[in-house]
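Here are the chains, one letter per residue:
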Amino acid sequence: MQCTCFFFVIVVVVVVSWAIQDKLATFLLLMDGALRMSQQQISLIGAPTDVGAGMLGARLGPEALRVAGIARAIAQCGFAVSDRGNVAGPANPELPAVDGFRHLPEVICWNDAVHDAVYRELAADHLPVVLGGDHSLAIGSISAVARHCRERGKKLRVLWFDAHADFNTATLTPSGNLHGMPVACLCGHGPRELIELSGQVPALNPKDLRQIGIRSVDEGEKQRVHEIGIEVFDMRFIDELGMRHAMELALALVGADTHLHVSLDVDFLDPDIAPGVGTAVRGGPTYREAQLCMEMIADTGRLASLDVVELNPALDVRNQTAQLAVDLIESLFGKSTLRRPAATVPRNARQ
Ligand SMILES: [Mn+2]
């Protein structure tokens, strides 16, 4: 009798364990998420401006990303998300270039504000996400990151995803638009107020920078990028050797003492899937190639700051580019394929 009873208990335990295995897995995932949430707070910082761009509309970027659910998407990856609202700055005066720069005083104002906001979050051990805005804002953002790394004795690695090299200078650029110059400024070539933002010139050692997806470089820029020795994984490299190999090289030697900053210009993506940008260039990475980049970064566990820039909702189609950016950011924060229910398809593919 006792033996039968014991056998019955065993059967019940096995059946119950089998029945709740899904819930058990979910519970463990939630515990894992809760653990990570307790470790890291993500701070969203909107910078609604297009003073550095040639075309109007990037000022609408932060709201489009919020509408596409950026805060919810990151929170679902298990982090605490705090939307700090927008930093303030001057309106776009829509003036021609003066001495080779368009809207330099306005660009300086916006970058001062972004620098201070990003630095404040880093000092509090939060992970800042700058919602642009045009790519000139990366000067303020990465200057703050460089200052932070210097103070903490951390190594810095910047991954610059872009169709363009953004290494123009006043003498090289035909337009004077400062969103084509942030890499040059960060490497010490540009207006004094912008190159000195981090408290040290150059803010960024070109050896700490990797550019991925480049396919549109002005003639003068080609020479300078080569001279200064920036490691560039252009589309030809990606076509011939694959995105995985490019990312393995771009992430080489990123370790526990490395602060990994991602500057994601949405025009990095092929305009067929990301039409909402001011300076679209054909022949960019596919949805899966871009996702692979983000997943490989997530795997390092070293992402410490992020810019999402150049989204232009005025040129977008039903906010699909903002939604695509949010898809990529989910992967960047660790949402991996194996954690998705089998039937889930990417949001923009459902449209
Ligand atoms: Mn750019």
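These numbers come from a predicted model, not from an experiment.

K.L.:
Summarise helix 5 (residues 104–123); cite the residues concerned and give the values.
P.N.:
Given a rise of 1.5 Å per residue, 20 residues ought to cover 28 Å, and the 28 Å separating the end C-alpha atoms of helix 5 matches this to within 8%. After helix 5 finishes, the residue Asp125 shows a positive phi value of roughly 65°.

K.L.:
Run through the sheet that holds strand 7 (residues 258–265), naming residues and quoting values.
P.N.:
Judged by pairing direction, the sheet is parallel, and its eight strands sit side by side in the order 2-1-3-8-7-4-5-6 without closing on themselves. The open sheet terminates on both sides in strands that have one partner only, identified here as strand 2 (80–86) and strand 6 (231–234). Across the sheet, the mean angle separating the axes of adjacent strands is 15° when strand polarity is ignored. Relative to strand 8 (residues 303–309), strand 7 is paired through six bridges, and the arrangement is parallel. By the bridge assignment, His261 is partnered in strand 8 with Ser305.

K.L.:
Report on helix 13 (residues 320–332), specifying residues and quantitative values.
P.N.:
Given a rise of 1.5 Å per residue, 13 residues ought to cover 18 Å, and the 18 Å separating the end C-alpha atoms of helix 13 matches this to within 8%. For helix 13, the buried fraction is high: twelve of the 13 residues fall into the buried class. Thr321, Ala322, Gln323, Leu324, Ala325, Val326, Asp327, Leu328, Ile329, Glu330, Ser331 and Leu332 are the residues of helix 13 that are buried. On its buried face, helix 13 is in contact with helix 3 (61–67), helix 4 (70–76), strand 7, helix 12 (287–300) and strand 8.

K.L.:
Can you tell me about the pairing of strand 4 (residues 155–161), naming the residues and giving the values?
P.N.:
By the criterion of burial, strand 4 is predominantly enclosed, with six of the seven residues buried. Relative to strand 7, strand 4 runs parallel, the two sharing seven bridges. When the sheet's bridge partners are listed, Trp160 is paired in strand 7 with Ser263.

K.L.:
Quick rundown of the environment of Asp265? Include the residues and the values.
P.N.:
By the secondary structure assignment, Asp265 is in strand 7. Asp265 sits 104 residues away from Phe161 along the chain, and the two C-alpha atoms are 5.8 Å apart. With sequence-adjacent residues up to four places away left out, Asp265 is seen in contact with His135, Phe161, Asp162, Val309 and Glu310.

K.L.:
I'd like a rundown of the nonpolar core, residues and numbers included.
P.N.:
Of all hydrophobic cores here, the largest spans 99 residues; its most connected members are Leu65, Val308, Ala325 and Ile329. It is helix 5 that provides the largest number of residues to this core, a total of nine residues. Setting aside anything within four residues of it in sequence, one finds Leu65 in contact with Ile70, Leu131, Val308, Leu311, Ala322, Ala325 and Val326.

K.L.:
Describe the packing of helix 12 against helix 13, naming the residues involved and giving the relevant values.
P.N.:
Two numbers describe how helix 12 lies on helix 13: the axes approach to 7 Å, and their chain directions differ by 30°. Compared by their axis directions, helix 12 and helix 13 come out roughly parallel. Contacts from Ala290, Gln291, Met294, Glu295, Ile297 and Ala298 in helix 12 reach Leu328, Ser331 and Leu332 in helix 13. Residues belonging to the contact of helix 12 with helix 13 are distributed by class as follows: six nonpolar, two polar and one charged.

K.L.:
How would you sum up the packing of helix 5 against helix 6 (residues 137–152)? Please name residues and give values.
P.N.:
Here helix 5 crosses helix 6 at 35°, and the two axes come no closer than 7 Å. At the point where helix 5 passes helix 6, the crossing takes the right-handed sense. Residues Trp110, Asn111, Asp112, Val114, His115, Val118, Tyr119 and Leu122 of helix 5 lie in contact with helix 6, whose contacting residues are Leu137, Ile139, Gly140, Ser141, Ser143, Ala144, Val145, Arg147 and His148. Grouping the amino acids of the contact of helix 5 with helix 6 by side-chain chemistry returns nine nonpolar, six polar and two charged.

Analysis parameters
Residues numbered from 1 in each chain as written. Predicted model: local features only at pLDDT ≥ 70, side-chain atom pairs only at ≥ 80, totals over all residues. Helix = DSSP H or I, 4+ residues; strand = E, 2+ residues; numbered from the N terminus. Expected span 1.5 Å × (residues − 1). Pairing = 2+ DSSP bridges. Axes fitted to C-alpha atoms, helices over the stretch in contact; angles between N-to-C directions. Buried ≥ 20, exposed ≤ 12 C-beta atoms within 10 Å, placed from the backbone. Contact = placed C-beta atoms within 7 Å. Core = buried A, V, L, I, M, F, W, Y, C linked by C-beta atoms within 7 Å. Parallel < 35°, antiparallel > 145°, perpendicular 65-115°, else oblique. Nonpolar A, V, L, I, M, F, W, Y, C, P; charged D, E, K, R; others polar. Left-handed = near helix turned anticlockwise from the far one by under 90°.

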